[in-house]
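Coordinate analysis (summary)
Next come the chains, spelled out residue by residue.
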Amino acid sequence: MRSSIPDWEPLDDAAQADQVRMYDAYREDTPLARSPRGVTVFRHEDVVAVAADPVTFSSGASERRQVPNSLDPPEHAAYRAATDPFFGAERIAELEPGVRRIAADLVATAPETIDAVHDLGYPFAARAQARWLGWTGTEDRLLGWMADNHAATRSADRTRTAAVAAAFDAIVADQVQRRRALGEDAPADPTTELMRTEVDGRALTDAEIVSILRNWTAGDLGSIAACVGVILHFLATHPQVQTELRADPSGLAGAIDEMLRLDDPFLVNRRVVTCPAQVAGHDLEPQTRLYLNWTSANRDPRVVGDPDAYRPLENAVHNLVYGSGIHLCPGRPLATMELVALTAELLAATTSLSLAADGPAQRETYPVGGWRAIGIRLER
Ligand code: HEM
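Turning next to the site of the ligand. The environment of the ligand is made up of 26 residues, and the closest members are His76, Arg80, Arg271, His327 and Cys329. Pro68 is positioned such that a nitrogen or oxygen atom in its backbone is 3.5 Å from an oxygen atom of the ligand. In this structure, Arg271 approaches the ligand through a side-chain N or O atom, which is 2.8 Å from an oxygen atom. Of all the elements in the fold, those that place two or more residues in the shell around the ligand are α4 (75-83), α10 (206-237), β7 (268-273) and α16 (332-349). Counting residues per element, the shell around the ligand draws most heavily on α10, which supplies six residues. Tallied by class, residues from the shell around the ligand come to 15 nonpolar, eight polar and three charged.

In structure tokens form, the structure reads like this:
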């Protein structure tokens, strides 16, 4: 049993300048580090072990009940059973042609130099999300909300975060009320279907519907936009991979997972310790807050060897971009389909993607990873 966990401050300016390298350095020095907000878990083996034990390490770490994110066994399973079918293979395949058209339109109208995150990632995420949920016409409202949400999250100002959450609840409430008013004539889309979904033999409450839709939307919009930045930066700096994927796009899903493993923009998720426990040989007291650092664990040389080596086939089995354990991301099939559709359209419409010499190149800061803005040149 080890006794002391070293202190760190992941939010200082030096650390923020390059979060990935900072995590690489800590992970090799120490399996855990403590900040005033909680204990970060860096290594692959430990992150997987914590995620595999939801009884000792509860997801009820936030003040607000979030369905299903903050739930623990046994109630978590009932909500996942009710909502996982929304991401079934057949439904995703049905949605794919429409998402492809959105991607193709955006690529066709993109200028020669773009900021991958703002010019492509955000509008693509908002349009694809609106198409999926049946929220056509809300794209601009969603884009405005994404910008506010991003700014509020970064500010760590609780009043601002609460205001943004309330603004989103209003967007959802509009959608729910419109469908209630239409009754049997409500459109056949996932939102209507969710309103008719039962858990343990009873209808979902309005609060649960809003919470699920918030997690689907927050899960989708920001993450998809961040992933687009990471993927385009990788392709622009690896022309050989572009050539391979243009010649054979069938490997795109695995290739994208590996690009996201190298620079995972979805940094951390929280857990709270429920009883005296050990992680990496350290004793942890009940109520200790843990941060599972996916970005660090994904680059752990103990499992992937050289963390910077692009090896889609070999590393697939270790990939933690979509989490691990019972909270494994249910939206993965949707996210993968959307990211593959956009990347395939972009590669097909161009002969080369490169970094724009005069474009922006700004990294994101905690609690988000990847690029805040990245200039990409499209050659057609
Ligand atoms: C775009 C890339 C995405 C990434 C990188 C990502 C990543 C993750 C990760 C790491 C978790 C695990 C959280 C934990 O263990 O506490 C998670 C959970 C979740 N994700 Fe995603 N996600 C993405 C897209 C989506 C999409 C498209 C949706 C839905 C539309 C979604 C909905 C959710 C939900 C509801 C959970 C909570 C599941 C639970 O608690 O059982 N995500 N996601």
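All right, on to the nonpolar core then. Within the largest apolar cluster, 81 residues are counted, with the highest numbers of intra-cluster contacts made by Trp135, Trp216, Ile231, Leu232, Leu260, Leu339 and Ile376. With 16 residues, α10 is the single largest residue contributor to this core. Discounting chain neighbours no more than four positions away, the residues touching Leu339 are Ile224, Cys227, Val228, Ile231, Ile256, Leu260 and Tyr322. Grouped together as the second largest cluster of nonpolar side chains are 18 residues, Ala51, Ala280, Leu284 and Leu292 included.

What follows deals with helix α2 (residues 19-29). The α-helix winds at 3.6 residues per turn, so residues separated by three or four positions along the chain end up facing the same way. Restricting attention to buried positions, one finds in α2 the residues Gln19, Val20, Met22, Tyr23, Asp24 and Arg27. For α2, the elements touching its buried residues are α1 (13-17), β10 (289-293), α13 (294-297), α14 (301-304) and β12 (361-363).

Further remarks concern the packing of aromatic side chains. Per the counting criterion, the structure on display carries 11 aromatic pairs. For the pair Trp8 and Tyr26, a centre-to-centre distance of 4.9 Å together with 65 degrees between the ring planes defines the contact as edge-to-face. With Trp8 in the segment before α1 and Tyr26 in helix α2, this residue pair connects regions lying 18 residues apart in the sequence. Residue class for Trp8 comes out buried when judged on its relative accessible area of 6%. Tyr26 sits in the partly exposed class, given a relative accessible area of 26%. A ring pair is formed by Trp145 and Phe168, whose centres lie 4.7 Å apart and whose planes are at 45 degrees; its orientation type is tilted. Within this pair, whereas Trp145 is found in helix α7 (residues 139-155), its partner Phe168 is found in helix α8 (residues 158-182), the two being separated by 23 residues in sequence.

Here we come to the coordination of the iron atom of the ligand. The protein supplies the iron atom of the ligand with one donor atom, Cys329 (SG), which lies at 2.3 Å. Turning to its location among the elements, Cys329 is positioned in the loop between α15 (312-315) and α16.

Strand order in the open sheet formed by five strands is β1-β2-β10-β7-β3, with mixed pairing between adjacent strands. The sheet is open, and its two edges are formed by β1 (32-35) and β3 (57-58), each paired on a single side. With two bridges connecting them, β3 and β7 associate as antiparallel partners. Bridge pairing links Phe57 to Val273 in β7. Each of β2 (38-41), β3, β7 and β10 touches helix α3 (residues 44-51); the most contacted strand, β10, lies at about 125 degrees to it.

As a packed pair, helix α6 (residues 116-133) and α7 sit with axes 9 Å apart at the nearest point and diverge in direction by 125 degrees. In terms of orientation, α6 and α7 fall into the oblique class. Where α6 crosses over α7, the two elements pack in a sense that is right-handed. The residues of α7 that touch α6, namely those facing Tyr122, Pro123, Ala125, Ala126, Arg127, Gln129 and Ala130, are Glu139, Leu142, Leu143, Met146 and His150. Classifying every residue of the contact of α6 with α7 by side-chain character gives eight nonpolar, two polar and two charged.

What follows deals with the pairing of β1. As paired strands, β1 and β2 are joined by four bridges and run antiparallel to one another. Bridged to Ala33 within β2 is Thr40.

Let us now look at the pattern of salt bridges. Counted by the stated rule, this structure contains 26 salt bridges. Among the ionic pairs, Arg377 bridges to Glu112, the shortest N-O distance being 3.0 Å. One end of the pair, Arg377, is in strand β13 (residues 371-379); the other, Glu112, is in the loop between α5 (89-109) and β4 (113-115), with 265 residues separating them in the sequence. For Glu364, the salt bridge goes to Arg372, with nearest N and O atoms at 3.4 Å.

Walk down a regular strand and you will see the side chains alternate between the two sheet faces. Sheet topology note: the β7/β10 ladder contains five bridges and is antiparallel. Residue pairing in the sheet places Arg270 in a bridge with Tyr291 of β10.

Further remarks concern helix α12 (residues 252-262). Counting buried residues along α12, nine of its 11 residues qualify, which places the element largely inside the surrounding structure. Looking only at α12, the buried set comprises Leu252, Ala255, Ile256, Asp257, Glu258, Met259, Leu260, Arg261 and Leu262.

With that settled, the discussion passes to the packing of α6 against α16. At their nearest, the axes of α6 and α16 sit 12 Å apart, and the two run at 130 degrees to each other. Classified by the interaxial angle, the pair formed by α6 and α16 is oblique. Between α6 and α16 lies a crossing of right-handed hand. Contacts between α6 and α16 involve Leu120, Phe124, Ala128 and Trp132 from the former and Leu334, Glu338, Leu342 and Leu346 from the latter. Split into classes, the residues belonging to the contact of α6 with α16 amount to seven nonpolar, no polar and one charged.

Analysis parameters
- Residues numbered from 1 in each chain as written.
- Predicted model: local features only at pLDDT ≥ 70, side-chain atom pairs only at ≥ 80, totals over all residues.
- Heavy atoms only, no water.
- Near = heavy atom within 4 Å.
- Polar contact = N/O pair within 3.5 Å; in protein donor to acceptor, adjacent residues only side chain to side chain.
- Helix = DSSP H or I, 4+ residues; strand = E, 2+ residues; numbered from the N terminus.
- Nonpolar A, V, L, I, M, F, W, Y, C, P; charged D, E, K, R; others polar.
- Core = buried A, V, L, I, M, F, W, Y, C linked by side-chain atoms within 4.5 Å.
- Buried < 20%, exposed > 50% of the residue type's maximum accessible area, 1.4 Å probe, protein only.
- Contact = heavy atoms within 4.5 Å.
- Phe/Tyr/Trp six-rings, centres within 6.5 Å; stacked < 30°, edge-to-face > 60°.
- Donors = N, O, S within 2.8 Å, 3.2 Å for Na, K, Ca; no water.
- Pairing = 2+ DSSP bridges.
- Axes fitted to C-alpha atoms, helices over the stretch in contact; angles between N-to-C directions.
- Parallel < 35°, antiparallel > 145°, perpendicular 65-115°, else oblique.
- Left-handed = near helix turned anticlockwise from the far one by under 90°.
- Salt bridge = Lys/Arg side-chain N within 4 Å of Asp/Glu carboxyl O.

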